[in-house]
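Descriptive analysis of the structure
Listed here are the chains, written in short residue letters.
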Amino acid sequence: MAIARFLIRRVLTGIVVLWLVATAAFFLFFARPVNTVAHQLAGRAATPQVIATVIRNLGLNQPILVQYWHFLDNLLHFNLGYSYYTQQSVNTMLKQDLPPTASVVVGGVILWLIAGLAVGIISATRARSLFDRFSAVAVLIGISLPTFVIGELLLLIVFVPLNQHGFHWIQDQYAGPSTGIGNWIGHLILPWITLAAVQAAIYTRLTRGQLLDVLGEDYMRMARAKGLSERRVIFRHGVRAALTPVVSQLGVDVGQLLGGVIVVESVFGLNGLGQVSVQAIDTDNLPVIIGFVVLAAAFVVVANIIVDLTYALLDPRVRIA
Amino acid sequence: MSITELEFEAASAESAPEQAIEGRSQWQLTWRRLSHDKVAVISLIIIVIMIALAIAAPAFAALTGHPPNSAYPNTGENAAGLPVSPGTNGFWLGTDGTGRDLLVRILYGARISLFVGVLTTVIATVAGVTIGMVAGYFGGVVDTVLSRFVDAVLAFPYVVLALALAVVLGPSLPVIIGVISFFSWAGISRIVRGQTLSIKEKEYIEAARSLGAGPFRIMFVHILPNLLAPVLVLATLYIPQAIIFEATLSYLGLGIQQPTASWGNILGDAQNFYQQAWWYVVFPAAALLITTLAFNLLGDGIRDAMDPRTERIFAASRARKLARARRRSRRRGQGDLPTASAPGEA
């Protein structure tokens, strides 16, 4: 019951957030002159009449509030409009380009959580060991490099030598799972590592710090004193308590993830949502840009609801309310 | 380590009351600890060298005879029109995709990166401290509104919005600085708010208020000085983030535009040549990594120096060495403990 009420409330606030984001994006982009699009569409030697026709056909001559009303009306019907250039539905375009992006996001998040948590836990339980010091250096390098540099370096030191020596499993570009799971992983392994690297470094640091704090707590000694195995002490009592701040950090990072995805897609030439939106930005294709922004915001809202639910499951002190 | 140092100093001060007791401020103590931190000192030296190299970029251009934006299609590109490797035809680090001197361009890129990194950090810090302090001090509705705004900025996919802003406003240096600053103040603001919340309950704030000090006097005269330490650490750690942010924007083609060199746009171009010209990727990446790493290590060093309680992984080997030395000296029967004789261990 409490969960149902929580979900309803969060979904409602989520819709408000989406509306705000969509409105902000709409006015931000429509604030600029639309002539560039019309000029591009009408060709180089266009007369003013032709440009006026193009503008009228795109509906850009209407008052901005009327356009906004159309936009909202369409949005309510889950219609994000049509591309200025190809007249393709933005929904279809986004749907077409979702698979590479979704693959990168899901794999990257899984890898980053596994790597970040595992290294963090080992570092904390063996504080000051050789492993701990190596991971500290790796973490420092991880947070000091931009995502795209990690990607380029991976291409340079992994992709190029392997392919020169006739080992073609690891590839750039994108291939769907329908071409074989192995092939799919081969195409995505470098993007996953790239996307995960920086975040894993931050999560390693966070997990290690949190777990070290928790390990010093009285209830840990209590757990050991009542004869629990070390593994049980660490995982049932230590990690579980240490994870709550990590999970709440995840809620914040989901938003940043999308920025990382754009970069990763650009490095590895994956034709996903990020690439499409960067192209759309280059060509002033407003419906596509706004569509991407709305989709990104929806993703952030949904991910945050999931994170908050997980939070409540992990920490019995947190009540869903 | 530093606790022992403090105790040691306190003890020596007590044992010699006739000597004039020299007061040491928090900053002097911090500086002393920092100057004994090898990693931090090396990082600081690297940063100074980087700044010097950036300033001396025109000198390198004159020395090599290659201005940053001049292309050398004859000497700077091989027969296939590809970049030449380091050391060829007087190009120390090779050339880039259009036959320009890579070294000179990296040095000119350092100017942009350091400038953007430092300036955006200053703007973000001033904004973040002011907003965080106002939110923490006034509380209530002001706090709620500002905090929700901070949450929104922190949670929003900033690369997406930064791209959009860069396009709407047109990519230029001021726009980039504005965009990066806008997405950097929120984290600082959140931490400053928390600190302000605890500081404003202290007795000396109450004392100031009872003397009739207004809220802004209390904030800027009584609270701000106590915030400087954490803010300095945060600011040092934000510089590398800002450098990375600028590089990412420029890499995506929405930051510094060609022909002006920036590490981001050099690396963006390099991506078309990584199969043929490793140096084109490796050298700018190394310049970037060395700079951001130095700032990160310096920031960590300052934090450790300001708060001796923070635990340091790399101090472990020294602690072990110290324990070994202590055991050895005890075996020899000398009472002099190295802890007391080496106040610089912190």
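All figures in this text were calculated on a predicted structure; none of them were measured in a lab.

1. Some thoughts on the interface of chain B and chain A
- The interface of chain B with chain A comprises 42 residues on the first partner and 41 residues on the second.
- Each partner contributes to the roughly 3800 Å² buried at the junction of chain B and chain A, and carbon and sulfur atoms together form 72% of this total.
- Counting across the interface, chain B meets chain A through one salt bridge.
- The shortest N-O distance in the salt bridge between D300 of chain B and R205 of chain A comes to 3.2 Å.
- Linking chain B with chain A are six residue pairs in polar contact (both at pLDDT 80 or more).
- Mapped by element, the contributors of at least two residues to the side of chain B that touches chain A are α6 (140-155), α7 (158-169), α11 (215-251), α12 (263-270), α13 (278-306) and α14 (315-331) of chain B.
- Per element, the largest residue contribution to the side of chain B that touches chain A is 11 residues, and it comes from α13 of chain B.
- Class assignment of the residues belonging to the side of chain B that touches chain A gives a composition of 29 nonpolar, nine polar and four charged.

2. What about the domain arrangement of chain A?
Residue and element names in this part refer to chain A.
- Domain boundaries in chain A define domain 1 (1-85 + 283-321) and domain 2 (99-271).
- Once you take the C-alpha centre of each, domain 1 and domain 2 turn out to be 31 Å apart.
- In the side of domain 1 that touches domain 2, the residues fall into 10 nonpolar, two polar and one charged.

3. Re the pattern of salt bridges
All names here are of chain B.
- Scanning all chains against the criterion turns up eight salt bridges over all chains.
- In this structure, D143 and R193 form a salt bridge, with 2.6 Å as the shortest nitrogen-oxygen distance. You can see D143 sitting in helix α6 and its partner R193 sitting in helix α9 (residues 185-199), a full 50 residues away along the chain.
- A relative accessible area of 11% places D143 in the buried class.

4. Section: the packing of α11 of chain B against α13 of chain B
Residues and elements named next belong to chain B.
- Interhelical geometry of α11 versus α13 gives an angle of 170° and a closest axis separation of 8 Å. Looking at the two axes, α11 sits roughly antiparallel to α13. Judged by the twist between their axes, the crossing of α11 over α13 is left-handed. Across the interface between the two elements, A229, L232, V233, T236, L237, I239, P240, I243, I244 and A247 of α11 pack against L288, T291, T292, F295, N296, L298, G299, D300, I302, R303 and M306 of α13.
- Partitioning the contact of α11 with α13 into residue classes produces 14 nonpolar, five polar and two charged.

5. A closer look at the side chain of S144 of chain A
- Following the sequence through the fold, S144 of chain A ends up in helix α6 (residues 130-144).
- Of the polar contacts made by the side chain of S144 of chain A, one reaches the backbone oxygen of L140 of chain A; its length is 2.8 Å.
- With near-sequence residues (within four places) excluded, S144 of chain A lies in contact with I244, L289, T292, L293 and N296 of chain B.

6. Quick word on a nonpolar patch on the surface
Residues and elements named next belong to chain B.
- Residues F138, V142, F216, F220 and V221 make up a contiguous nonpolar surface patch of roughly 430 Å² in combined accessible area.
- Of the residues forming the nonpolar patch, the biggest block, three residues, is contributed by α11.
- Assignment of secondary structure puts V221 in helix α11.
- Note on V221: relative accessible area 41%, which makes it partly exposed.

7. Quick word on the packing of aromatic side chains
- If you walk through the whole model with that rule in mind, you get 16 aromatic pairs over all chains.
- Judged by centre distance (5.6 Å) and plane angle (40°), the ring pair of F149 of chain B and W185 of chain B falls under tilted. You can see F149 of chain B sitting in helix α6 and its partner W185 of chain B sitting in helix α9, a full 36 residues away along the chain.
- According to the relative accessible area criterion, W185 of chain B is buried, its value standing at 6%.
- Relative to F283 of chain B, the ring of W278 of chain B lies with its centre 5.8 Å away and its plane at 55°, an arrangement referred to as tilted.
- Using a relative accessible area of 43% as the deciding quantity, one classes W278 of chain B as partly exposed.
- Put simply, the rings of F26, F27, Y68 and F71 of chain A touch in pairs and so form one group of aromatic residues.

8. A look at the nonpolar core
- F29 and F148 of chain A together with L163, L249, L252, W263 and Y280 of chain B are the most contacted members of the largest nonpolar core, which totals 149 residues.
- If one sorts the elements of this core by residue count, helix α10 (residues 230-268) of chain A sits on top with 16 residues.
- Each residue touching F148 of chain A, except ones within four places of it in the same chain, is listed here: V263 and V267 of chain A together with A247, T248, Y251, G264 and L267 of chain B.
- Of all hydrophobic cores here, the second largest spans 17 residues; its members include Y137, I218, M219 and V231 of chain B.

9. Digging into helix α3 (residues 38-55) of chain B
Residues and elements named next belong to chain B.
- The end-to-end C-alpha distance of α3 is 26 Å, a good match for the 26 Å that 18 residues give at a rise of 1.5 Å each.
- Along α3, the residues classified as buried are A40, S43, I47, M50 and A54. Along α3, the residues classed as buried sweep out an arc of 80° about the axis, all on the same side. Seen from the open side of α3, the exposed residues pointing more than 90 degrees away from its buried face are K38, V48 and I55.

10. Some remarks on the packing of helix α10 (residues 203-210) of chain B against α11 of chain B
Residue and element names in this part refer to chain B.
- Packing of α10 against α11 brings their axes to within 11 Å, and their N-to-C directions diverge by 165°. Taken together, the axes of α10 and α11 lie roughly antiparallel to each other. Between α10 and α11 lies a crossing of right-handed hand. Counted together, Y204, I205, A208 and R209 of α10 and I218, H222, I223 and N226 of α11 form the full contact between these two elements.

11. Looking at unusual backbone geometry
- Of note, the amide linkage connecting Q258 of chain B to P259 of chain B takes the cis form, showing an omega dihedral of 5°.
- Turning to its location among the elements, P259 of chain B is positioned in the loop between α11 and α12.
- A positive phi angle, close to 70°, is found at R128 of chain A, a residue other than glycine.
- Residue placement: R128 of chain A occurs in the loop between α5 (90-125) and α6.
- Taking the relative accessible area as the measure of exposure, R128 of chain A reaches 31% and is therefore partly exposed.

About the criteria used
Every chain's residues receive numbers from 1 upward, in the order its sequence appears when written. A letter from A marks each chain and a number from 1 marks each ligand, given out in the order of writing. Two thresholds apply to this predicted model, a pLDDT of at least 70 for residue-level local features and 80 or more for giving and counting side-chain atom pairs, whereas whole-chain, interface and lining totals are computed over all residues. To get the side-chain values, all heavy atoms of the structure are used, and hydrogens and water are removed first. Note on contacts: a residue pair qualifies if any of its non-hydrogen atoms lie within 4.5 Å across the two residues. For any pair of parts, buried area is found by adding up, for both, the accessible area (1.4 Å probe) each one loses once the two are put together. Here, a salt bridge means any side-chain nitrogen of Lys or Arg that lies within 4 Å of a carboxyl oxygen of Asp or Glu. In the analysis that follows, any N or O atom pair within 3.5 Å is treated as a polar contact, provided that within protein one partner can donate a hydrogen and the other can accept it, and provided that, for residues neighboring in sequence, both atoms belong to side chains. Secondary structure elements are taken from DSSP: a helix is a run of H or I of four residues or more, a strand is a run of E of two residues or more, and numbering for both begins at the N terminus. Gly counts as polar in this scheme, as do all residues outside two lists: the nonpolar Ala, Val, Leu, Ile, Met, Phe, Trp, Tyr, Cys and Pro, and the charged Asp, Glu, Lys and Arg. In this document the domain limits rely on a domain assignment from an automatic tool or a database. Whether a residue is buried, partly exposed or exposed follows from its accessible area with a 1.4 Å probe, protein chains only, as a fraction of its type maximum: under 20%, in between, or over 50%, in that order. Note on method: axes are straight lines fitted to C-alpha atoms, helices fitted across the in-contact stretch only, with angles between N-to-C directions ranging 0 to 180 degrees. Oblique is the label for any angle not covered by the other classes, which are roughly parallel (under 35 degrees), roughly antiparallel (over 145) and roughly perpendicular (65 to 115). Two helices crossing with the near one rotated counterclockwise from the far one by less than a right angle form a left-handed crossing, whereas a clockwise rotation gives a right-handed crossing. Here the term patch refers to residues with relative accessible area over 30% and no salt bridge, with like charges joined within 9 Å and nonpolar side chains (Val, Leu, Ile, Met, Phe, Trp, Tyr) within 5 Å. Surface accessibility follows the Shrake-Rupley procedure with a 1.4 Å probe radius. Residue values consider only the protein chains on display as shielding. The criterion for an aromatic pair is that two Phe, Tyr or Trp rings (for Trp, the six-membered ring) have centres within 6.5 Å, with stacked assigned to planes under 30 degrees apart, edge-to-face to planes over 60 apart and tilted to the rest. Only buried residues count toward a nonpolar core, which is a set of Ala, Val, Leu, Ile, Met, Phe, Trp, Tyr and Cys residues joined through side-chain atoms within 4.5 Å. How far a helix is expected to stretch is found by multiplying one less than its residue total by 1.5 Å. What the arc covers is the set of directions going from the helix axis to the C-beta atoms.

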